[in-house]
Amino acid sequence: MTTPTPTQAPKSGPAHHLWRLTSFATSPQARPALLGALGAVLTTAGGLGAGSTRLHDPLLESLHLSWLRFGHGLVLSSVLLWIGVALMLTAWLWLGRRVIDRTATEYTMVATTGFWLAPLLLSVPVFSRDTYSYLAQGALLRDGFDPYIVGPIDNPNSLLDNVSPIWTTTTAPYGPGFILVAKFVTMLVGNDVVAGTMLLRLCMLPGLALLIWAAPRVARHVGGDGPAALWICVLNPLVIIHLMGGVHNEMLMVGLMMAALALTFSGHHISGVSMIAVAVAVKATAGLALPFMVWVWTRDLRHRRGYPPVKAFAVAAAASALTFVAVFAVLSWLAGVGLGWLTALAGSVKIINWLTIPTAAANLINVFGSLLFPVNFYGVLDVARIIGIAIIAISLPLLWWRFRHTDREALIGIALVMGVVVLFVPAALPWYYTWPLAVVAALAQSRQAIAAIAGLSTWITVIWKPDGAHGMYSWIHVLLATACAAVAWYSLYKAPEPSTPSPAPDAPLPAPDASATHRPAGH
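Note that the structure is predicted; figures quoted are calculated from it, not measured.

The rules behind the values
Residues numbered from 1 in each chain as written. Predicted model: local features only at pLDDT ≥ 70, side-chain atom pairs only at ≥ 80, totals over all residues. Heavy atoms only, no water. Helix = DSSP H or I, 4+ residues; strand = E, 2+ residues; numbered from the N terminus. Rg over C-alpha atoms; globule rule 2.2 N^0.38 Å. Buried < 20%, exposed > 50% of the residue type's maximum accessible area, 1.4 Å probe, protein only. Contact = heavy atoms within 4.5 Å. Phe/Tyr/Trp six-rings, centres within 6.5 Å; stacked < 30°, edge-to-face > 60°. Lys NZ or Arg CZ within 6 Å of the ring centre and 35° of its normal. Core = buried A, V, L, I, M, F, W, Y, C linked by side-chain atoms within 4.5 Å. Expected span 1.5 Å × (residues − 1). Axes fitted to C-alpha atoms, helices over the stretch in contact; angles between N-to-C directions. Parallel < 35°, antiparallel > 145°, perpendicular 65-115°, else oblique. Nonpolar A, V, L, I, M, F, W, Y, C, P; charged D, E, K, R; others polar. Polar contact = N/O pair within 3.5 Å; in protein donor to acceptor, adjacent residues only side chain to side chain. Left-handed = near helix turned anticlockwise from the far one by under 90°. Salt bridge = Lys/Arg side-chain N within 4 Å of Asp/Glu carboxyl O. Patch = residues over 30% accessible without salt bridge, like charges linked within 9 Å, V, L, I, M, F, W, Y side chains within 5 Å. Areas by Shrake-Rupley, 256 points an atom, 1.4 Å probe, with all protein chains shown as cover.

Caption draft 1: Structural view of the overall build of the protein chain. Helix and strand content of the protein chain: 21 helices and 0 strands. Taking 2.2 N^0.38 as the reference for a compact globule, 523 residues should give roughly 24 Å; the C-alpha atoms of the protein chain span a radius of gyration of 23 Å, in line with that estimate. In terms of overall dimensions, the protein chain has a C-alpha envelope of 65 × 65 × 55 Å along the principal axes. Burial status across the protein chain gives 54% buried among its 523 residues. Long-range contacts, defined here as pairs at least 24 residues apart, represent 75% of the contacts in the protein chain between residues at least 6 apart.

Caption draft 2: Quick look at the packing of aromatic side chains. On inspection of all chains with the given rule, the structure shows 18 aromatic pairs. Note on W295 and F313: the rings are 5.2 Å apart at their centroids and 40 degrees apart in plane angle, and the pair reads as tilted. Taken as a pair, W295 in helix α14 (residues 290–305) and F313 in helix α15 (residues 309–335) lie far apart in primary sequence, 18 residues in all. Judged by its relative accessible area of 0%, W295 is buried. Exposure remark for F313: the relative accessible area of 18% places this residue in the buried category. Seen from their ring centres, W295 and W400 are 4.7 Å apart, and the 25 degrees between their planes marks the pair as stacked. Of this pair, W295 sits in helix α14 while W400 sits in helix α17 (residues 377–402), and the two are 105 residues apart along the sequence. Look at W400 and you get partly exposed, because its relative accessible area is 23%. An aromatic cluster is defined as three or more aromatic residues linked by ring pairs; in this entry it consists of W295, F313, W400 and W401. Here R402 stacks its cationic end above the ring of F403, 4.6 Å away from the centre of that ring.

Caption draft 3: Structural detail: the nonpolar core. Counting 143 residues, the largest nonpolar core has W116, W231, M258, I276 and L411 as its most contacted members. When residues of this core are assigned to their parent elements, the largest contribution, 12 residues, is made by helix α12 (residues 250–265). When sequence neighbours within four positions are dropped, the list of residues in contact with I276 reads M257, A260, A286, A289, L290, M293 and F324. Of all hydrophobic cores here, the second largest spans 6 residues; its members include L141, Y148, A335 and V337.

Caption draft 4: Spatial organisation of helix α20 (residues 447–463). With 17 residues, α20 extends 24 Å from end C-alpha to end C-alpha; this agrees with the ideal 24 Å at 1.5 Å per step. Among the 17 residues in α20, 12 count as buried, and that is most of the element. Looking at α20, one finds that the buried residues are A449, I450, A451, I453, A454, G455, S457, T458, I460, T461, V462 and I463. Contacts made by the buried residues of α20 are with α4 (71–100), α10 (226–233), α11 (237–245), α19 (434–440) and α21 (475–493).

Caption draft 5: Representation of the packing of α4 against α20. Contact geometry for α4 and α20: axes closest at 11 Å, N-to-C directions at 170 degrees. Relative to α20, the element α4 lies roughly antiparallel. Contact residues: α4 offers W82, L89, W92, L93, V99 and I100, while α20 offers R447, I450, I453, A454, S457, T458 and V462. When grouped by side-chain class, the residues that make up the contact of α4 with α20 number 10 nonpolar, 2 polar and 1 charged.

Caption draft 6: Quick peek at the side chain of T264. Here T264 shows up in helix α12. We classify T264 as buried; its relative accessible area is 2%. Only 2.8 Å separates the side chain of T264 from the backbone oxygen of A260, close enough to count as a polar contact. Discounting residues that sit within four places of it in the chain, T264 has contacts with H269, G272, M293 and V296.

Caption draft 7: Up close: the environment of A335. Topologically, A335 is positioned in helix α15. What makes A335 buried here is its relative accessible area of 6%. Taking the C-alpha atoms as reference, A335 lies 12 Å from L140; in sequence the two are 195 residues apart. In this structure A335 touches L141, P176 and L180, once residues within four positions along its chain are discounted.

Caption draft 8: A look at the packing of α20 against α21. Contact geometry of α20 with α21 gives a least axis separation of 8 Å together with a crossing angle of 155 degrees. Taken together, α20 and α21 sit at an angle that is classed as roughly antiparallel. Both α20 and α21 take part in a crossing whose hand is right-handed. When α20 is examined against α21, the residues R447, Q448, I450, A451, A452, A454, G455, T458, W459, V462 and I463 are found in contact with a partner set consisting of H477, V478, A481, T482, C484, A485, A488, W489, L492 and Y493. Broken down by class, the residue content of the contact of α20 with α21 amounts to 15 nonpolar, 5 polar and 1 charged.

Caption draft 9: View of the environment of F127. Checked against the element boundaries, F127 lands in the loop between α5 (106–120) and α6 (130–142). Taking the C-alpha atoms as reference points, F127 and P430, 303 residues apart in sequence, are found 9.5 Å from one another. If we skip the residues at most four places from it in the chain, F127 touches S52, L81, W82, V85, I241, H242, W431, T461, W464, K465, P466 and G468.

Caption draft 10: The pattern of salt bridges, seen in detail. Tallied over the entire structure, the rule returns 5 salt bridges. Residue R220 pairs with E106 through a salt bridge whose shortest N-O separation is 2.4 Å. Separated by 114 residues along the polypeptide, R220 in helix α9 (residues 193–221) and E106 in helix α5 bring together distant segments of the chain. A salt bridge links D143 to R142; its shortest N-O distance comes to 2.9 Å. A relative accessible area of 36% means that D143 is categorised as partly exposed. Residue R142 is classed as partly exposed on the basis of its relative accessible area, which comes to 24%.

Caption draft 11: Summary view of a nonpolar patch on the surface. Judged by side-chain polarity, L364, V367, F368, L371, L372 and F373 come together as a nonpolar surface patch covering roughly 670 Å² of accessible area. Its place among the elements puts F373 in the loop between α16 (357–369) and α17.

See below:
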């Protein structure tokens, strides 16, 4: 059989997809994909010694590679890993210039995701040790404990050895859906950390697939560009390196949340609310989108069925609540747990870094105020965090009411409430910024916005250390991260915009949706 030429390309089936991928890999469009793949390989190799490795690693010992974790071996591993990250960031910015000049396609973005992700599927956790906590919490449920009542330390086993000490006594802050996933993993692999990490990472792939499916659809619905959305919220190093490389359940939550929004905007409201309930059953943050989804349903009832405003809102709110409670109750019943995880959300107060405004303000007051008078840092921190919670409590209902008139406004509202929560909660971690980023991907697609996203994402990515610690108390690390962010911002801020009409998109755009621009107000 002869190899298909471009005119003999298979028209459908696996052969078609393989031919298309092979054609892409050998084309100039694939250069960023190949550069990023090389970076991912180096990141994976360097992670063996410099990543968030196990305290005792028999696998490395059996391969005679333990030397990678100490002395000159650790230096070599760190250099390899950071070169890999630098190559992935460079490839991402390279693609960003194509997004700005509108020469990128959705297929290029999806195929590039595969090239970058494949090596990382074999990596040890990088930039975070959370996966060890996930496994220990899943083992609690597996062994008959309630992870919302006791911490991993109450179930001594080999998994506990790798959990960060700060989390050994902390109850699980995740929903019953994710605890079920973690239980499933530990039931299959027992206490095998390597197999558990690999399987847990594979369990995040459905979230990535849903994000790839939903992000361009949501973007097109509000007049945005599909490839730009994928560049912002899928190929972003915060997603590829932190969520997938670091194995974070945000990957599931964000994918489910964006799929819920895509379903809601296409008129499938019950499916959308059901999906958001599953997302909340992974992590509570997804629930911030639900009130805005009620506005979308309200407008549909008004315009499709002629309901008066108050009745439309009452029906949409009641149907949303009933659907949400029913789906969540089933998941809780399957997991055999209650709502105790909500009280564990306060566990984030143990984290102290500069990624939220209250904690950053307390640090600055401590640094500069102590030059003039004695400062009780923890007292200042408590007050700053109380103010932050008050700002969240006041802002969320105001934003919900303000951004109710159109589908685009609903997206803006979701992005803003998530941004407020990330910035003003007691503590945040780099991957928290993927929450608003996924929604912003459909909205902020100008050159200036893309450049700002590039700078912020780069800074947050590199301010963290590969072993899961942060570098925010090292001025050298902060300055280097800031320099990298400035380069990323400048490289795209000065990128040329298209001088010719944009190429045809990969898929036909849906008919314009009146709700995205000028539907009347809801309730």
